[in-house]
Amino acid sequence: MRTPVIAGNWKLFKKRAEARELVNGLVSLVKDVQGVEIVVAPVFTVLAAVKGALDGSAIKLAGQDCFWEEEGAYTGEISPGMLVDAGCSHVIIGHSERRQYFGETDETVNRKIKAALKAGLAAIACIGESLAEREAGTTFDVLRTQLNGGLAGLSADDLKDVIIAYEPVWAIGTGKTATDAQAQEAHAFIRGVVSELLGKPAAEAVRILYGGSVKPENIKGLMTQPDIDGALVGGASLKADSFAAIASFS
Ligand code: PEP
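Residues numbered from 1 in each chain as written. Predicted model: local features only at pLDDT ≥ 70, side-chain atom pairs only at ≥ 80, totals over all residues.

Under an unreviewed UniProt entry, the protein has the name Triosephosphate isomerase and belongs to Geobacter sulfurreducens. In the Catalytic activity (unreviewed entry) part of its UniProt record, the protein is described as follows: "D-glyceraldehyde 3-phosphate = dihydroxyacetone phosphate". (UniProt positions renumbered as here; feature names shortened; annotations may be inferred.)

Attention now moves to the overall build of the protein. Broken down by element type, the protein carries eleven helices and eight strands. Against the globule reference of 18 Å for 250 residues, the protein gives a C-alpha radius of gyration of 17 Å, in line with a compact fold. Its C-alpha atoms put the protein at 45 × 45 × 35 Å along the principal axes. Residues counted as buried form 45% of the 250 residues belonging to the protein. (Helix = DSSP H or I, 4+ residues; strand = E, 2+ residues; numbered from the N terminus. Rg over C-alpha atoms; globule rule 2.2 N^0.38 Å. Buried ≥ 20, exposed ≤ 12 C-beta atoms within 10 Å, placed from the backbone.)

Another aspect to go through is the nonpolar core. Here is a general trend for soluble globular proteins: nonpolar side chains tend to be buried in one another's company. If you look at the biggest cluster of nonpolar residues, it comprises 77 residues, and the most contacted ones within it are Val 91, Ala 123, Ile 124 and Ala 125. Among the elements that make up this core, the one with the highest residue count is strand 5 (residues 122-127) (six residues). (Core = buried A, V, L, I, M, F, W, Y, C linked by C-beta atoms within 7 Å.)

Near the ligand there are 14 residues, and of these Ile 172, Gly 173, Gly 211, Gly 234 and Gly 235 occur at the shortest range. The residue inventory of the shell around the ligand, partitioned by class, reads five nonpolar, seven polar and two charged. (Near = placed C-beta within 6 Å. Nonpolar A, V, L, I, M, F, W, Y, C, P; charged D, E, K, R; others polar.)

With that settled, the discussion passes to the confidence of the model for the protein. Confidence along the protein averages 97 in pLDDT terms, with 100% of residues attaining 70 or more. Of the two predicted TM-score estimates for the complex, the pTM is 0.98 and the ipTM is 0.97. (pLDDT = per-residue confidence, 0-100.)

With that out of the way, let us pick up the environment of Asn 9. Structurally, Asn 9 is set in strand 1 (residues 5-9). It is 7.2 Å that separates the C-alpha atoms of Asn 9 and Gln 64, two residues lying 55 residues apart in sequence. Those residues in contact with Asn 9 that lie beyond four places of it in its chain are Ala 41, Gln 64, Ile 92, Leu 232, Val 233, Gly 234 and Ser 237. (Contact = placed C-beta atoms within 7 Å.)

With numbering aligned to this structure, UniProt lists the feature "active site" (unreviewed entry) at His 95 and Glu 167. Sequence-wise these annotated residues cover 73 residues; spatially they are packed, their C-alpha atoms never more than 8.4 Å apart. With respect to the element layout, His 95 can be found in the loop between strand 4 (90-93) and helix 4 (96-101). Here Glu 167 lies in the loop between strand 6 (162-166) and helix 8 (180-198).

Attention now moves to the environment of Pro 226. Positionally, Pro 226 belongs in the loop between helix 10 (219-223) and strand 8 (230-233). On a C-alpha basis, the gap between Pro 226 and Gln 184 in space is 7.3 Å, while along the polypeptide they are 42 residues apart.

With that out of the way, let us pick up the packing of helix 7 (residues 139-150) against helix 8. Where helix 7 meets helix 8, the closest approach of the two axes is 10 Å, and the angle between their N-to-C directions is 40°. In terms of orientation, helix 7 lies oblique with respect to helix 8. The way helix 7 lies across helix 8 gives a crossing that is right-handed. Contacts between helix 7 and helix 8 involve Thr 139, Phe 140, Leu 143, Arg 144 and Leu 147 from the former and Ala 186, Phe 189, Ile 190, Val 193, Val 194 and Leu 197 from the latter. For the contact of helix 7 with helix 8, the residue count by class is nine nonpolar, one polar and one charged. (Axes fitted to C-alpha atoms, helices over the stretch in contact; angles between N-to-C directions. Parallel < 35°, antiparallel > 145°, perpendicular 65-115°, else oblique. Left-handed = near helix turned anticlockwise from the far one by under 90°.)

Structure, rendered in structure tokens:
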């Protein structure tokens, strides 16, 4: 049994007062939700405020990125240990926006995943094809390359602390969701590649989240697919009622 994960990526939104308001609303709306791991990923500057507002709640805290070194002369970076120190249990790594705007590669994703695991964080590792790649029929090649690179050198045991997020780039923030069948096809493919890389038990245990314009209206259909274990939610995680409705999918 894979426990579903619903994770909210707040991207570059929410200052402290807004963040507290969102979390306070969320905490009360999801207090009776059971059997789902709920995670929120705010910007670094509000981690402490959100941690404080989460006090006593089962909702977990994530960073949106981390560096691979623990400390040193790396101006502007945040280390995995610093995220742990700020109360995080999770970190998003390799989001397509980081790949697109900040030069993230499969190699840097791999270094970051390893550093996150070493510090005791669970890594939410993002992969996904662009529209051009889907239209060119190379989706599976892209996913295989991203998995080979991102998971290089990891063991089946390491994978226990990795959550894979399949986020087709053409569906992120566009309002276009992959159909349930398109998402399932990609998730089944990803699980197959993980099985080739790290064995069947590891592949059967790893949670694979779908991300890309997830809303209260489409979460149920996605969650009925056998290989979809949750969602990474952007826009709809910025409002307590919509994120709570997604987390209450069952
Ligand atoms: C995301 O940021 O990971 C995401 C999936 O965004 P949205 O839900 O807005 O498409």
